[in-house]
Amino acid sequence: MQPTSELAGSALKARTFGSMGTVISLTVPARALGTAAVPGTAGGGERELDAAAAAVARVFARADETFSLYRPDSEASRLARGELSLRDSSAGMRDRYADAISWRLMTEGAFTPERPDGVLDLSGIIKGYAIGQAGEVLRSRGITDWCLNAGGDVLVMGSPVPGSGASWAAGIVDPLDRSALLSAYALGGPGARRALATSGLAERGDHIWTARSRGAEFAQVSVAAAGIVAADVLATAIVAGGTAMLHRATDSWDIDVLAVRRTGELLATPGFRA
Amino acid sequence: MRTRAAVSAALASAGILIAGWQSGVHIADTSSSVASTATGTTGSTGSTGSTGSTGSSATSGSAGSSGSTGSSGSTGSSGASSASGTTGASAKAVGTYAGSVVQTRFGSVQVQITVQAGKITDVTALQLTDAERRSVQISNQAAPLLRDEVLQAQSANVQTISGATVTSDAYLNSLQAALDAANL
């Protein structure tokens, strides 16, 4: 029997670490942790969270070691320098390359894993893929309520108040004032959409090249979907492909979209309507 | 002579039915393809009308008028050959044609068109349901909204923040960092 104050349930515990050039945050309801721990001895839950965060960090570190173009020793860098060909690359590299090429087909080229200089850059799907993998790791550790945020891309499971069925509330940054929220979206809980990704012109990395060369229509695009890779890729594709890609995406995928034009005007699917 | 007329009339009917069927199928795709097949149908009845005036004087007036629209639709040449030398084929052009069932992510959609005098006069949906056979919201299109029309939130009321990727340095001053700090 735990004290009532803990059963009130809104207390969250977070761990953060840096990877892939950004910061990854793992947030878990305190109640979901250390259920076997004796109240007052505080430690079981914290240790469980530390171990879970370390496991998540290993997923991101492994992905970064293989796919980062910022690391000269990564497999991706060796591919980029031509020291390695795709057919001799690892199975993981070829699988992600196949994923990226199929996304390029499905988005009619709005998403592409190749830089204008011809270098293969899979960073557009690697972060999403790593987030999804990290989610599987958490699930395999028996943690069923969590929120994972990697540099603004979010994947959740369960609820911030375990057993309540309540959704995780995700805020969306206002691209015109990054200290304010533009909107919000309910993730997980009873809904099927567990992932929310946001792409923008202010984004780190440079996988939105078409946007740069054509003069992008959107300053920021958020996509809510069942899976984080789809949400991330489609947000990127809409920034690159503009209004035409936005409508193609809402026609072809079961997603919600909130797009901010450079003038500040909003375009949103019904799911974002107050 | 009568047999030949009857055979060619049957051929013309089949041709027009196929044209109608095709426009019924195309209508599920885009409106522009409907427009092009509709011109084709008009073209075929137009040619029927012009030959029909030689056969029977009773229908020549009305058939002649449809013939004038047919002549504008030069794309109807494919139907014109089978329809030549027939009478009464324009009457067959009145009818309803159902398109094939098309699977969309909103469920099965089947469209029916009504054709009169070679023109599509009505388009209705025969099937427009999802798996549970409820009527479904067809459009999930993104529409312009004012800022106060989208879901609102204060950073105090959310558990996580989505935004364009920030660098590790920029994270320090981000809303997400504030949330994380509060939950450490």
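That block above? That's the structure.
If you're wondering where the values come from, they're calculated on a predicted model, not measured in any experiment. (Residues numbered from 1 in each chain as written. Chains lettered and ligands numbered in written order. Predicted model: local features only at pLDDT ≥ 70, side-chain atom pairs only at ≥ 80, totals over all residues. Heavy atoms only, no water.)

Draft legend 1. Quick look at the overall build of chain A. Across its full length, chain A carries seven helices and 10 strands. Of all intrachain contacts in chain A linking residues separated by at least 6 positions in sequence, the fraction that spans at least 24 positions is 55%. Carbon and sulfur atoms form 52% of the exposed surface of chain A, whose accessible area is close to 11,000 Å². (Helix = DSSP H or I, 4+ residues; strand = E, 2+ residues; numbered from the N terminus. Contact = heavy atoms within 4.5 Å. Areas by Shrake-Rupley, 256 points an atom, 1.4 Å probe, with all protein chains shown as cover.)

Draft legend 2. Molecular detail of the interface of chain B and chain A. Facing the 36 residues of chain B at the interface are 62 residues of chain A. Buried area between chain B and chain A, both sides added, is near 4,100 Å², and the carbon and sulfur share of it is 52%. Linking chain B to chain A there are one salt bridge. Among the salt bridges present, the one from Arg 147 of chain B reaches Asp 174 of chain A, with a minimum N-O distance of 2.7 Å. (Buried area = accessible area lost by both parts, 1.4 Å probe. Salt bridge = Lys/Arg side-chain N within 4 Å of Asp/Glu carboxyl O.)

Draft legend 3. Representation of helix α7 (residues 228–252) of chain A in the model. All names here are of chain A. Taking 1.5 Å as the rise per residue, α7 with 25 residues should run 36 Å; its terminal C-alpha atoms sit only 16 Å apart, a clear shortfall. At Gly 242, α7 shows its largest kink, close to 140°. Among the 25 residues of α7, 18 are classified as buried, and the element is accordingly described as predominantly covered. (Expected span 1.5 Å × (residues − 1). Bend = angle between axes of the 7 residues up to and from the residue. Buried < 20%, exposed > 50% of the residue type's maximum accessible area, 1.4 Å probe, protein only.)

Draft legend 4. Summary view of the sheet that holds strand β2 (residues 22–29) of chain A. Sheet architecture is open: nine strands sit in the order β1(A)-β2(A)-β3(A)-β4(A)-β7(A)-β8(A)-β9(A)-β10(A)-β5(B), paired in antiparallel fashion. Edge positions in the open sheet fall to β1 (12–19) of chain A together with β5 (143–145) of chain B, since each of these has one partner strand only. Here the average twist between neighbouring strands, direction ignored, is 15°. Relative to strand β8 (residues 218–225) of chain A, strand β7 (residues 195–200) of chain A is paired through six bridges, and the arrangement is antiparallel. Looking across to β8 of chain A, one finds that Ala 197 of chain A is bridged to Val 223 of chain A. Strands in contact with helix α2 (residues 44–67) of chain A are β1, β2 and β3 (146–150) of chain A; relative to β1 of chain A, the strand with the most contacts, it is inclined by about 30°. (Pairing = 2+ DSSP bridges. Axes fitted to C-alpha atoms, helices over the stretch in contact; angles between N-to-C directions.)

Draft legend 5. A look at the pattern of salt bridges. All names here are of chain A. The final tally for this structure, using the stated rule, is 15 salt bridges over all chains. The salt bridge involving Glu 46 is made with Arg 15; its shortest N-O contact spans 2.5 Å. Here the residue Glu 46 occupies a position in helix α2, and Arg 15 occupies one in strand β1, the gap between them amounting to 31 residues. Taking the relative accessible area as the measure of exposure, Glu 46 reaches 29% and is therefore partly exposed. In the salt-bridge network here, residues are joined through shared partners; they are Lys 13, Arg 15, Glu 46 and Asp 50.

Read these as spatial facts, not as claims about activity.
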